[in-house]
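Notes for the structure review
So you can see what is in the structure, the chains are spelled out below.
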Amino acid sequence: MTEPDHYSFRRYLDAKRTVDQRARNRRVVDAFRRALERVDEPVDLCEVGAGTGAMVETVLEWTADTEVRYTAIDADPTLVKAATEGVADRVADRGHDPDRSDGSLCIDRDRAAFEVAFRAEDALAHLAAREETYDVVVAQAFLDLTDVRAALETVADGLRPGGVAYFPITFDGVTSLLPPVDAELENHIERRFHRRMDTTEKVGGETGDSTAGRHLLTAVPATGGRVIAAGGSDWVVRPTDGGYEADEAYFLHHIVDTIESALTADGTIDAERLGEWAAARHEQIEAGELVYLAHQLDVLTRWPGSA
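I will try to describe carefully the structure that is included in this document. What you see is a predicted model, and the numbers here were worked out from it, not measured in a lab.

This part covers a negative patch on the surface. Taken together, E3, D5, E283 and E286 make up a surface patch of like negative charges. Examined against the element boundaries, D5 turns out to sit in the segment before α1 (9-15).

To continue, consider the packing of aromatic side chains. Taken as a whole and assessed by the stated rule, the structure comprises ten aromatic pairs. Relative to Y166, the ring of F32 lies with its centre 4.3 Å away and its plane at 15 degrees, an arrangement referred to as stacked. Residue F32 is found in helix α3 (residues 26-37), and its partner Y166 is found in strand β7 (residues 159-178); the two are separated by 134 residues along the sequence. With a relative accessible area of 0%, Y166 lands in the buried category. Cluster of aromatic residues (ring-pair linked, three or more members): F9, Y12, W235, F251 and Y292. Over the ring of Y250 we find R11; its NZ or CZ atom is 4.0 Å from the centre of that ring. Cation over ring: R130 sits above Y134, and NZ or CZ is 4.1 Å from the ring centre.

All right, on to the packing of helix α7 (residues 148-157) against helix α9 (residues 212-222) then. Taken N-terminus to C-terminus, the directions of α7 and α9 make an angle of 45 degrees; their axes are 9 Å apart at the nearest point. With respect to α9, the axis of α7 lies oblique. Note that α7 runs across α9; the crossing there is right-handed. Note on element contacts: α9 touches α7 through A212, L216, A219, V220 and A222, opposite V148, R149 and L152.

As used in these notes, a disulfide is a covalent bond between sulfur atoms, one from each of two cysteines. Applying the stated criterion to the full structure yields zero disulfides. Of all cysteine sulfurs, the one in C106 lies closest to C46, which takes part in no disulfide; the gap is 19 Å. The exposure class of C106 is partly exposed, given its relative accessible area of 27%.

Here α3 contains twelve residues, and its C-alpha end-to-end distance of 17 Å stays within 8% of the 16 Å for a straight helix at 1.5 Å per residue. Listed as buried for α3 are V28, V29, A31, F32, A35 and L36. Here the buried residues of α3 occupy an arc of 165 degrees about the axis, which is enough to place them on one side. For α3, the exposed residues lying more than 90 degrees away from the buried face are R27 and E37. At the N-terminal boundary of α3, the capping side chain belongs to N25, with an oxygen 3.1 Å from the backbone nitrogen of R27.

Thresholds applied
- Residues numbered from 1 in each chain as written.
- Predicted model: local features only at pLDDT ≥ 70, side-chain atom pairs only at ≥ 80, totals over all residues.
- Heavy atoms only, no water.
- Patch = residues over 30% accessible without salt bridge, like charges linked within 9 Å, V, L, I, M, F, W, Y side chains within 5 Å.
- Areas by Shrake-Rupley, 256 points an atom, 1.4 Å probe, with all protein chains shown as cover.
- Salt bridge = Lys/Arg side-chain N within 4 Å of Asp/Glu carboxyl O.
- Lys, Arg positive; Asp, Glu negative; His and termini not counted.
- Charge placed at Lys NZ, Arg CZ, Asp CG, Glu CD.
- Helix = DSSP H or I, 4+ residues; strand = E, 2+ residues; numbered from the N terminus.
- Phe/Tyr/Trp six-rings, centres within 6.5 Å; stacked < 30°, edge-to-face > 60°.
- Buried < 20%, exposed > 50% of the residue type's maximum accessible area, 1.4 Å probe, protein only.
- Lys NZ or Arg CZ within 6 Å of the ring centre and 35° of its normal.
- Axes fitted to C-alpha atoms, helices over the stretch in contact; angles between N-to-C directions.
- Parallel < 35°, antiparallel > 145°, perpendicular 65-115°, else oblique.
- Left-handed = near helix turned anticlockwise from the far one by under 90°.
- Contact = heavy atoms within 4.5 Å.
- Disulfide = S-S within 2.5 Å.
- Expected span 1.5 Å × (residues − 1).
- Arc of directions from axis to C-beta.
- Polar contact = N/O pair within 3.5 Å; in protein donor to acceptor, adjacent residues only side chain to side chain.

Here it is as structure tokens:
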């Protein structure tokens with residue numbers, strides 16, 4: 001695949017589905033599925049940062065015998081629209097017959113119904129303002145975008161007593177592209193890219209956390225919760241037979257462009273040298289040679305004292 005002329009965050013989210021599927025820690029997944037089975041039905045579940053609905057479809061597969069009321073929230077209305085339409089089309093292709101209404105789906109399964117309401121709003125603000133609490137909160141690849149401690153306090157307040165929160169694909173401080181182009185430069189690129197994550201304000205004034213995964217392990221007990229299961233969920237994208245799975249070549253091009261754009265805005269690395277590095281990385285992707293690694297953690301938690 002040649003380098004794209006432009007980049008789409010929606011396509012990036014769809015392209016990383018296969019990467020996430022490989023990465024999720026199986027032991028933590030099993031613990032989460034067991035936790036779902038112990039919740040009285042219907043399970044009220046809220047997803048924070050639902051994107052294009054990948055986790056909706058995953059939980060649908062994991063809960064064939066469980067009635068679920070799923071609230072999928074993302075701040076971007078275009079992603080919410082894409083999720084609403086895309087999930088309906090994909091589950092229909094897999095033999096389900098979703099009942100579609102404005103912003104919601106009811107998926108009638110043989111043994112248990114699965115209802116999804118898609119909402120375009122700030123998910124943490126939703127949890128903070130909602131009078132009724134949830135049995136389960138899911139936030140995939142989200143906590144590195146905000147203040148971990150503050151987000152956990154909001155999640156805990158939004159859970160019922162004994163409520164469960166599942167945080168898969170939480171970034172934890174390693175970005176590596178192989179083979180090396182310029183080892184000294186790339187060490188600097190990684191440090192500055194992570195520093196940029198830690199200092200750039202997002203919507204709402206929060207900054208990110210490039211080591212959110214490890215911070216999660218101590219912030220959960222500090223907010224009254226308990227870590228039930230935790231394990232690595234590293235992204236590993238590598239070529240096989242000279243190419244990449246599914247749309248993962250696009251995923252890699254998008255990652256390289258994201259790094260280059262962030263560090264261009266940062267301004268601490270010579271623009272020409274940075275551009276040459278990015279061009280070399282795009283060429284490696286086109287040739288089916290680039291390997292990409294990112295270290296992440298999956299963490300499953302419970303708040304016994306949730307209000």
